[in-house]
Amino acid sequence: MPSMNNPSTPLLDQVQWPSDLRRLNPDQLAQLADELRQEVISAVGVTGGHLGSGLGVVELTTAIHYVFDTPEDKLVWDVGHQCYPHKILTGRRDRIRTLRQGGGLSGFTRRAESEYDPFGAAHSSTSISAALGFAVANKLADRPGKAIAVIGDGAMSAGMAYEAMNNARAAGNRLIVILNDNDMSIAPPVGGLSAYLARLVSSREFLGLRGLARRFARKLPRPLHNAARKTDEFARGMAMGGTLFEELGFYYVGPIDGHNLDQLIPVLENVRDAAEGPCLIHVVTQKGKGYAPAEAAADKYHGVQKFDVVTGAQAKAPPGPPSYTSVFAKALIAEAERDERICAITAAMPSGTGLDSFAEAFPDRSFDVGIAEQHAVTFAAGLAAQGMRPFCAIYSTFLQRAYDQVVHDVAIQNLPVRFAIDRAGLVGADGSTHAGSFDIAYLATLPNMVVMAAADEAELVHMVHTCALHDDGPAAVRYPRGNGVGVALPAVPQRLEIGKGRIVREGRQVAILSLGTRLEEALKAAEALEAKGLSTTVADLRFAKPLDETLIRRLLTTHEVAVTIEEGAIGGLGAHVLTLASDCGLIDNGLKLRTMRLPDIFQDQDKPEKQYADAKLDAAGIVDTVLTALRHNSAGVETARA
Ligand SMILES: Cc1ncc(C[n+]2csc(CCOP(=O)(O)OP(=O)(O)O)c2C)c(N)n1
Ligand SMILES: CC(=O)[C@@H](O)[C@H](O)COP(=O)(O)O
Ligand SMILES: [Mg+2]
């Protein structure tokens, strides 16, 4: 019996590949799109994930695969979180309910998954550059194939999109950019571009077919085209277009209704066949389209937990400790109440970073700069240079995009910019593109930088306070996605001494040097080792930079074996402790030191606790590392002794 959980999809059942889609009559496409939308809702109700953006591109996805010869024509999605309808139409409907789970489909496009995913995505604003690459390669090889980039209005706020458009003329008519304008990022969009797009959309009705026909008359072969160019009508018509995009060398077409297949299909066909290019089609859609709970939600159901498809009610997490994000936000608000120089910057992630609540408290000192991490960091540097004390709240993975700004504009100038690095470590369902694996390595290597890692939510409060008072240069505090461990939050935050760690448990034979929230596993490992007759010290180093050299040297010289552990890739804490040991000559006399860190792979999506277990970054892994080290003789050969 068909239901919202198990929708009736007679037409969609006939479509496994785009080639099946292209055999349908055009007048069947609207029904197919409806069935596709129901399938997306039903699937995401089971898996959770990114719903609103995919619902907004159901018709667009259908039209693109109907008009273009995918996979020969290369379809590059931007961010890729809207790719669920695309995956259903490209041979992956049978696996769509494995989305974002261990061993399942990625929640973003991935080359390894399908030839219909010519380019991986997940970080925003890469699609035009990538599509331009495909287009120019086709041009150089004299291949006819088109490259189509579908980029949202939010993603269009990142500088990388303009770098690509600035070079797009090279692709001629092989590059097509479809701007999917739903007037939403994760939050409402910000900045001048958003206002410009709104003017374009509101300045006149959607282009009617006649207007489109007239406009496309100009895409005729050059002789005819030139004739048209001389007419006033041409000049007037083009002047009415998207001037910003036309100045960058695009033919601008739009705005058109992104849910109206009767408009989409002929426009895409005309653009496909146009002799001139590159072309930018401005499509207006609604995020969450066709699902009332999503349409009504402020965030349009951008990212959802599993939900009841009938009511839209999302699964609630069991009550537990507060999230690190909320602890950070409350701590920052307290600091800003104390110091009016404190301000905060997010790159289009107000809710994810907790800065939405900071903005409610301090609207004048809170800045959402759009998806523009590079600008965010240098903007913070300017604020700091002029006396403010800015907190840049950017996920670990997204801060990677602004690395040179961190080095060049903040660290070299030794400016008091604070980096609140959320989603540090493994993040679960978003997988390898979102893992916060590298920030210790990429920040602790920088002179002047202070790098802290909170072991729990109480430590996070102390570290936000310590950052807020640290005026001698830049400081970063990292903390993971998800909830704290359940320790009491301090009524009064402490100012931590920069570069000083703490002993959490005293022992004699084994020393575990922990950084960040692996402390919980380190303490469990200590219990297990103690039960094996191995007295174990656990230290929370708190700082990856500067290291607590006194504490580390003492631990390394008074214990039989020492282990470092961190939620980061090689090149982080362990590397710095090894360098210290080497510099002090401690490795000259058979020091037993092992570093535990994330494996040298990009870890796919899975539950974080399983990801860490797979990486052996848990209590069992620590015990195994210690026992193995004790079995190694001075030649590093395993002996019988355990
Ligand atoms: C570099 C980078 N910064 C931040 C994000 C987080 N993020 C994912 S989707 C999104 C909003 C995208 O808005 P838009 O492009 O308009 O797509 P829509 O969700 O509206 O379809 C953001 C900020 C990201 N994926 N990449
Ligand atoms: C698609 C994207 O990049 C964001 O929506 C991201 O998935 C958010 O991550 P969190 O769910 O950890 O906030
Ligand atoms: Mg958008």
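Residues numbered from 1 in each chain as written. Chains lettered and ligands numbered in written order. Predicted model: local features only at pLDDT ≥ 70, side-chain atom pairs only at ≥ 80, totals over all residues. Heavy atoms only, no water.

Student: Looking at this model, I keep getting lost on the overall build of the chain. Mind explaining?
Tutor: Within the chain, the regular secondary structure consists of 27 helices and 17 strands. Against the globule reference of 26 Å for 642 residues, the chain gives a C-alpha radius of gyration of 27 Å, in line with a compact fold. On the principal axes, the C-alpha backbone points of the chain span a range of 85 × 60 × 50 Å. For the chain, buried positions account for 59% of its 642 residues. Within the chain, residue pairs in contact and separated by at least 24 positions form 76% of the contacts whose partners lie at least 6 positions apart. Accessible surface computed for the chain: about 25,200 Å², of which carbon and sulfur atoms make up 53%. Looking at the chain, you have 64 positive and 74 negative side-chain charges, and the mean spots of the two groups are 3 Å apart. (Helix = DSSP H or I, 4+ residues; strand = E, 2+ residues; numbered from the N terminus. Rg over C-alpha atoms; globule rule 2.2 N^0.38 Å. Buried < 20%, exposed > 50% of the residue type's maximum accessible area, 1.4 Å probe, protein only. Contact = heavy atoms within 4.5 Å. Areas by Shrake-Rupley, 256 points an atom, 1.4 Å probe, with all protein chains shown as cover. Lys, Arg positive; Asp, Glu negative; His and termini not counted. Charge placed at Lys NZ, Arg CZ, Asp CG, Glu CD.)

Student: Would you explain the coordination of the magnesium ion (ligand 3) in this entry?
Tutor: For a metal bound by four donors in a tetrahedral arrangement, the ideal donor-metal-donor angle is 109.5 degrees, while six donors in an octahedral arrangement ideally sit at 90 or 180 degrees. Taken together, the protein donors to the magnesium ion (ligand 3) comprise Asp 153 (OD), Asn 182 (OD1) and Met 184 (O), at separations of 2.0 to 2.1 Å. Residue classification places Asn 182 among the buried positions, given a relative accessible area of 13%. Residue Met 184 is classed as buried on the basis of its relative accessible area of 9%. (Donors = N, O, S within 2.8 Å, 3.2 Å for Na, K, Ca; no water.)

Student: Which parts of the structure should I look at to understand the site of ligand 2?
Tutor: The environment of ligand 2 is made up of His 50, Val 79, Phe 108, Ala 122, Ile 186, His 302, Tyr 395, Phe 398, Arg 423, Asp 430, His 434 and Arg 481. At 2.6 Å, a side-chain N or O of Asp 430 approaches an oxygen atom of ligand 2. Between His 434 and ligand 2, the recorded distance is 2.7 Å, taken from a side-chain N or O atom to an oxygen atom. Protein chains shield 86% of the accessible area of ligand 2, which is 360 Å² for the free molecule. For the shell around ligand 2, the per-class residue count stands at six nonpolar, three polar and three charged. In this structure, the shell around ligand 2 is formed jointly by two domains, domain 1 (12-296) and domain 2 (324-478), each of which donates at least three residues. (Near = heavy atom within 4 Å. Polar contact = N/O pair within 3.5 Å; in protein donor to acceptor, adjacent residues only side chain to side chain. Nonpolar A, V, L, I, M, F, W, Y, C, P; charged D, E, K, R; others polar. Domains from an automatic or database assignment.)

Student: What is the right way to look at empty space enclosed by the protein in this model?
Tutor: In this approach a probe as big as a water molecule rolls over the atoms, and the regions it shows empty are the leftover space. Evaluation of the coordinates by the stated rule reveals three cavities of 30 Å³ or more. Reported here for the largest cavity is a volume of approximately 90 Å³. Gly 154, Ser 157, Ser 185, Pro 189 and Val 190 are the residues nearest the centre of the largest cavity, which is lined by 13 residues in total. The leading source of residues in the lining of the largest cavity is helix H8 (residues 191-203), at three residues. (1 Å grid on protein atoms, 1.4 Å probe; cavity = no way out; pocket = protein on both sides within 12 Å on 5 of 7 lines; lining within 4 Å. Points joined across faces, edges and corners; volume = space filled by probe spheres on them.)

Student: I tried to follow the UniProt feature "domain: Transketolase-like pyrimidine-binding" (unreviewed entry) in the chain on my own but got confused; where do I start?
Tutor: If you check UniProt for "domain: Transketolase-like pyrimidine-binding" (unreviewed entry), the listed places come out as residues 322-487 in our numbering. Split by type, residues 322-487 is 43% helix and 15% strand. Its first and last C-alpha atoms lie 10 Å apart. (UniProt positions renumbered as here; feature names shortened; annotations may be inferred.)

Student: Could you clarify how one ought to interpret the UniProt feature "binding site: thiamine diphosphate" (unreviewed entry) in the chain in this entry?
Tutor: Per the UniProt entry, the sites bearing "binding site: thiamine diphosphate" (unreviewed entry) are His 81, Ala 122, His 123, Ser 124, Gly 154, Ala 155, Asn 182, Tyr 291 and Glu 373 in this numbering. With the annotated positions falling across 293 residues, the maximum pairwise C-alpha distance of 31.9 Å shows that they are not confined to a single cluster. Among the residues just listed, Gly 154 line the largest cavity. Note on placement: Asn 182 falls in the loop between strand E3 (175-181) and H8. Setting aside chain neighbours within four positions, we find Asn 182 in contact with Asp 153, Thr 285, Gln 286 and Lys 287. In this fold, Glu 373 is placed in helix H18 (residues 373-385). Assessed through its relative accessible area of 6%, Glu 373 is described here as buried. If near-sequence neighbours (up to four positions away) are discounted, Glu 373 is found in contact with Ala 347, Ile 394, Phe 398, Arg 401 and Ala 402.

Student: For this particular structure, what's the right way to read helix H23 (residues 519-531)?
Tutor: Residues lying three or four places apart along an α-helix face the same way, a consequence of the helix completing one turn every 3.6 residues. The terminal C-alpha atoms of H23, which comprises 13 residues, lie 19 Å apart, in line with the 18 Å expected from a rise of 1.5 Å per residue. Listing the buried residues of H23 in full gives Leu 519, Glu 521, Ala 522, Ala 525, Ala 526 and Leu 529. One side of H23 carries all its buried residues, which in axial view fall inside an arc of 150°. (Expected span 1.5 Å × (residues − 1). Arc of directions from axis to C-beta.)

Student: Please clarify how the nonpolar core should be interpreted in this entry.
Tutor: Most often, soluble globular proteins keep nonpolar side chains buried together rather than apart. Counting residues in hydrophobic clusters, the biggest one holds 55 residues, and the most contacted among them are Leu 51, Ile 178, Ile 281 and Tyr 291. Broken down by element, this core gets its largest block of residues, eight residues, from helix H2 (residues 29-47). Counting residues in each nonpolar core, the second largest holds 53 residues, with Leu 399, Leu 547, Leu 551 and Leu 593 among its members. (Core = buried A, V, L, I, M, F, W, Y, C linked by side-chain atoms within 4.5 Å.)

Student: Sorry, what's going on with the site of ligand 1 here?
Tutor: His 81, Ala 122, Gly 154, Lys 287 and Glu 373 are the nearest of the 22 residues found near ligand 1. The contact in question runs from a nitrogen atom of ligand 1 to an N or O atom on the backbone of Ser 124, over 2.9 Å. Here an oxygen atom of ligand 1 and a backbone polar atom of Gly 154 are 2.7 Å apart. Protein contacts shield 97% of the accessible area of ligand 1, which totals 590 Å² for the unbound molecule. Within the shell around ligand 1, the residues separate by chemical class into nine nonpolar, nine polar and four charged. Taken together, domain 1 (12-296) and domain 2 (324-478) each give at least three residues to the shell around ligand 1, which thus spans both.

Student: Help me out: how do you make sense of the sheet that holds E3 in this one?
Tutor: Picture the strands of a sheet paired through backbone hydrogen bonds; they go either parallel or antiparallel. An order of E1-E2-E3-E5-E4 is seen for the five strands of this open sheet, with the pairing classed as parallel. Each edge of the open sheet carries a strand with a single partner, namely strand E1 (74-77) and strand E4 (251-257). Across the sheet, the mean angle from the axis of one strand to that of its neighbour is 20°, orientation sign disregarded. Looking at chain direction, E3 and strand E5 (residues 279-284) are connected through six bridges and run parallel. Following the sheet pairing, Ile 176 is matched in E5 by Cys 279. Against the sheet, helix H4 (residues 58-67) makes contact with E1, strand E2 (147-152), E3 and E5, and its axis sits at roughly 160° relative to E1, the strand it touches most. (Pairing = 2+ DSSP bridges. Axes fitted to C-alpha atoms, helices over the stretch in contact; angles between N-to-C directions.)

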